[in-house]
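Each chain is listed here by its residues.
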Amino acid sequence: MAVAGCPDYFLHHPNYQENIDRSSNHRQTDLIGPRFQQPANQSSPNHQEDDVDLEALVNEMDSSLESLYSCSGPQTESTPLLHNGQTSTHISPEPPSSSSDSPQTGLRRSQPMHINAVRRLQEQEQQLRTSSLPAIPNPFPELCSPASSPVLSPGSLPPGEPSSGKYIFSEDGMGKVVEIPANMTARDLCQLLVYKSHCVDDNSWALVEHHPLLGLERCLEDHELVVQVQASMNSDGRFLFRKNYAKYEFFRNPLTFFPEHMVAWCQETNHAILPSQLLQNFLATNSCPEIQGHLYMKDVGRKSWKKVYMFLRRSGLYCSTKGTSKEPRHLQLLADLEDSNIFTVITGKKQHGAPTDYGFCIKPNKSRGDMKELRMLCAEDEQSRSCWMTAFRIFKYGIVLYQNYKIPQQRKTLLSHFSAPVRSVSENSLVAMDFSGRIGRVIDNPVEAQSAAMEEGHAWRKRTQRMNILGSHRKKTCNCSLTLITREESHRIIHQQGQVDGLFLLRVSQSNPKAFVLTLCHHQKIKHFQILPCEEDGQGFFSLDDGATKFTDLIQLVEFYQLNRGVLPCKLKHPCTVVAL
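Residues numbered from 1 in each chain as written. Predicted model: local features only at pLDDT ≥ 70, side-chain atom pairs only at ≥ 80, totals over all residues. Heavy atoms only, no water.

**Some details on the overall build of the protein**
- For the protein, the helix and strand inventory stands at 18 helices and 24 strands.
- Residues counted as buried form 39% of the 581 residues belonging to the protein.
- In the protein, of all internal contacts separated by at least 6 residues, the share reaching a separation of at least 24 is 54%.
- Carbon and sulfur atoms form 53% of the exposed surface of the protein, whose accessible area is close to 34800 Å². (Helix = DSSP H or I, 4+ residues; strand = E, 2+ residues; numbered from the N terminus. Buried < 20%, exposed > 50% of the residue type's maximum accessible area, 1.4 Å probe, protein only. Contact = heavy atoms within 4.5 Å. Areas by Shrake-Rupley, 256 points an atom, 1.4 Å probe, with all protein chains shown as cover.)

And the structure:
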């Protein structure tokens, strides 16, 4: 039975049992604890309570008296009790019998307890309730390993995977918050953004780690965990979502990325090497390929750059302290590949005073943006920089890069068996019709049906041609064109999206407002071709070769040069794409 409104589990607690008064003589003075009988006791050294709520103590005393008289025998007299300063009269029943088994013998009175002790008791009771719950039987015991138990304990249940929200930015500076689980890779995040942005998934999208204050950026590998990369980034670091056509281009054209004069193995074999052998030599773990050449290196803590001869091996990046000597006593280790990442320097001349625009940087994984920990390097041209950076990736990740390259290819092969167009019954029942007369007729001759289809296509072109006058030339653009950008801005976009053959964009000419410019990348060099308007029989056209080949709009021009090289050094393959998240 609970006394003075105290919970039942207080009565059975060992701390409470020590303070129980088991005497059968229940006097009103005995119900008041020693803490409240003498005021002098409050000043004793054993006193532990500094603040006492007098009103709460009076209520507790009244509750104890009520419990006592309710358990006692009938009485004829009334006893006044205090209730928040008010008196109330309780008529007690008759006196109790003098038997030994009176309920007064089991009466227990409560003592004041600390709040911390009450909370500790509640926590212990909660733990007892949790531990007393029955075990959950496993509904699928056959799926458990022999060492596993067929009973699911609370600790064996799989915990929820932690996730974190992160801003992903696009080229236009706008961002979107994406929930990133702990096991999400860069490829998974790119596919999620492609799906949400309704883009074409051509396996060329990439997640870029960008550091604006340092002027560095790098493309994440498809197998890297985004959460781990995010943990090693600075506060100013961000993720960008953009195209990168050159991510695995070295698997398709290895000789373009690895010139013979930079690969030591090619020089030892008298330059007789096949592209397949070159890749196998780089990917095989038992081989020892080596990249060598001159690079500009920035002195640590200084603004000066010096030209040194360097070697890139699987064990790390070395520089020679004596000319081009490869002797171990002349080699100095600059960076370890396992504990570092390679970045492209986007503000080399402006921020770091680099001698050329083809700079790159080796940044340790534990670095938090200290310039003294960065190894700033600079190449002579774009081909040399691509060779060093590509070899760094291959030496660090090895066969994992080739697996990342093959996964989309295998997926495309599996989907090709199901992507063949299947004609429906309604499509098979379609016939060619001629509506040139008053009454339509069915065209039975296949040759006539084909010519009618071609004539209808030309008629559609003529309808678009009527609207294409010289005054509206600047309004007609295609999806692959980026208007109102400068020459330098077009270079930056092509550099960011990978300098592969056939990468192009269209922009408005700055020198001729009525003309357009085709910016094309070929052999890692950017070239510009002006598209001039011309007029014939009062109709406006566009031409890239001084009127030899005319096009009614820019869409026709792009479609033609995607199939024919013409006067261009290569066909148009990859349009520069900017997506808004």
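**Looking at a nonpolar patch on the surface**
- A surface patch of nonpolar side chains, about 390 Å² in accessible area, is lined by Val431, Met433, Phe435 and Val442.
- Mapped onto the fold, Phe435 is located in the loop between strand E17 (433-434) and strand E18 (441-442). (Patch = residues over 30% accessible without salt bridge, like charges linked within 9 Å, V, L, I, M, F, W, Y side chains within 5 Å. Salt bridge = Lys/Arg side-chain N within 4 Å of Asp/Glu carboxyl O.)

**Comments concerning the pairing of strand E7 (residues 205-211)**
- Most of E7 sits out of view: seven of its seven residues are buried.
- Pairing geometry for E7 and strand E9 (residues 238-243), over six bridges, is antiparallel. Its bridge partner being in E9, Ala206 is matched across the sheet by Arg242.
- For E7 and strand E8 (residues 216-219), the ladder comprises four bridges, and the chain directions are antiparallel. Counted as the bridge partner of His210 is Glu217 from E8.
- Counting the residues in the hairpin turn of E7 and E8 gives four residues, including Gly215, whose phi is positive at 70°. (Pairing = 2+ DSSP bridges.)

**Let's talk about helix H6 (residues 186-197)**
- Between its first and last C-alpha, H6 extends 16 Å over twelve residues, near the 16 Å set by a 1.5 Å rise per residue.
- By the burial criterion, the buried members of H6 are Ala186, Arg187, Leu189, Cys190, Leu193, Val194 and Ser197. Taken end-on, H6 shows its buried residues confined to a sector of 160°, consistent with a single buried face.
- Looking one or two residues beyond H6, the residue adopting positive phi is His198, at roughly 60°. (Expected span 1.5 Å × (residues − 1). Arc of directions from axis to C-beta.)

**Concerning the packing of aromatic side chains**
- Evaluation of the coordinates by the stated rule reveals 16 aromatic pairs.
- If you follow Arg313 out to its NZ or CZ, it ends over the ring of Phe311, 5.8 Å from the centre.
- Residue placement shows Arg313 over the ring face of Tyr318; its charged tip is 5.7 Å from the ring centre. (Phe/Tyr/Trp six-rings, centres within 6.5 Å; stacked < 30°, edge-to-face > 60°. Lys NZ or Arg CZ within 6 Å of the ring centre and 35° of its normal.)

**Topic: the nonpolar core**
- If you look at the biggest cluster of nonpolar residues, it comprises 37 residues, and the most contacted ones within it are Phe258, Ile291, Met310, Leu312 and Trp388.
- Counting residues per element, this core draws most heavily on helix H13 (residues 382-397), which supplies eight residues.
- Among the nonpolar cores identified, the runner-up in size contains 20 residues, and Ile168, Val178, Met233 and Val579 belong to it. (Core = buried A, V, L, I, M, F, W, Y, C linked by side-chain atoms within 4.5 Å.)

**Some thoughts on the confidence of the model for the protein**
- On average, residues of the protein score 74 in pLDDT, and 63% of them are at 70 or above.
- Residue range residues 463-479 is modelled with pLDDT below 50. Its contacts to residues more than four positions away, or to other chains, number 32 contacts. (pLDDT = per-residue confidence, 0-100.)

**Comments concerning the environment of Phe504**
- Within the secondary structure, Phe504 is located in strand E19 (residues 503-508).
- When its relative accessible area of 0% is taken as the criterion, Phe504 is described as buried.
- A sequence separation of ten residues divides Phe504 from Ile494, and the C-alpha atoms of the two residues are 7.6 Å apart.

**Points about the side chain of Ser367**
- Relative to the elements of secondary structure, Ser367 occurs in the loop between strand E15 (359-364) and strand E16 (375-378).
- Taking the relative accessible area as the measure of exposure, Ser367 reaches 0% and is therefore buried.
- Those residues in contact with Ser367 that lie beyond four places of it in its chain are Ser232, Asn234, Glu373 and Leu374.

**A few points about the state of the cysteines**
- Under the defined criterion, the tally for this structure stands at zero disulfides.
- The thiol of Cys521 is unpaired, and the distance to the nearest cysteine sulfur, on Cys570, comes to 7.9 Å. (Disulfide = S-S within 2.5 Å.)

**Looking at the sheet that holds strand E21 (residues 525-536)**
- Pairing in this open sheet of six strands is mixed, and the strands run E23-E22-E21-E20-E19-E24 from one edge to the other. Strand pairing shows two members of the sheet lacking a second neighbour, strand E23 (550-551) and strand E24 (574-575), which therefore form its edges.
- Strand direction decides the pairing type here: strand E22 (residues 539-543) and E23, joined by two bridges, are antiparallel. Note on E23: the bridge partner recorded for Ser543 is Lys550.

**Considering the pattern of salt bridges**
- Considering all chains together, one arrives at 17 salt bridges under this definition.
- Among the ionic pairs, Arg218 bridges to Glu224, the shortest N-O distance being 3.1 Å.
- Residue classification places Glu224 among the buried residues on the basis of a relative accessible area of 12%.
- One salt bridge in this structure joins Glu290 and Lys326, with 2.9 Å as the shortest N-O distance.

**Examining the layout of surface pockets**
- The space that makes up the largest pocket amounts to roughly 1400 Å³.
- Residue lining of the largest pocket: 48 residues in total, with Thr344, Glu382, Arg385, His495 and Gln496 positioned closest to the centre.
- Within the residue set of the lining of the largest pocket, elements represented by two or more residues are E7, E8, E9, strand E14 (340-345), helix H12 (348-352), H13, helix H17 (487-496) and E21.
- With ten residues, the top contributor of residues to the lining of the largest pocket is H13. (1 Å grid on protein atoms, 1.4 Å probe; cavity = no way out; pocket = protein on both sides within 12 Å on 5 of 7 lines; lining within 4 Å. Points joined across faces, edges and corners; volume = space filled by probe spheres on them.)

**As for the pairing of E21**
- In the sheet, strand E20 (residues 516-522) pairs with E21 via seven bridges, with the strands oriented antiparallel. When the sheet's bridge partners are listed, His522 is paired in E21 with Lys525.
- Turn length for the E20-E21 hairpin, with the two strands adjacent in sequence and antiparallel, is two residues, and the turn residue His523 shows positive phi of about 55°.
- Bridge count between E21 and E22: five bridges; the pairing is antiparallel. The residue of E22 that forms the bridge with Cys534 is Phe541.

**A look at the environment of Ser543**
- Locating Ser543 in the fold gives a position in strand E22.
- For the pair Ser543 and Gln530, spaced 13 residues apart in sequence, the C-alpha to C-alpha distance is 8.8 Å.
- If near-sequence neighbours (up to four positions away) are discounted, Ser543 is found in contact with Gln530, Ile531, Leu532, Cys534, Ala548 and Thr549.
- For Ser543, the side chain forms a polar contact with the main-chain oxygen of Thr549, separated by 3.1 Å. (Polar contact = N/O pair within 3.5 Å; in protein donor to acceptor, adjacent residues only side chain to side chain.)

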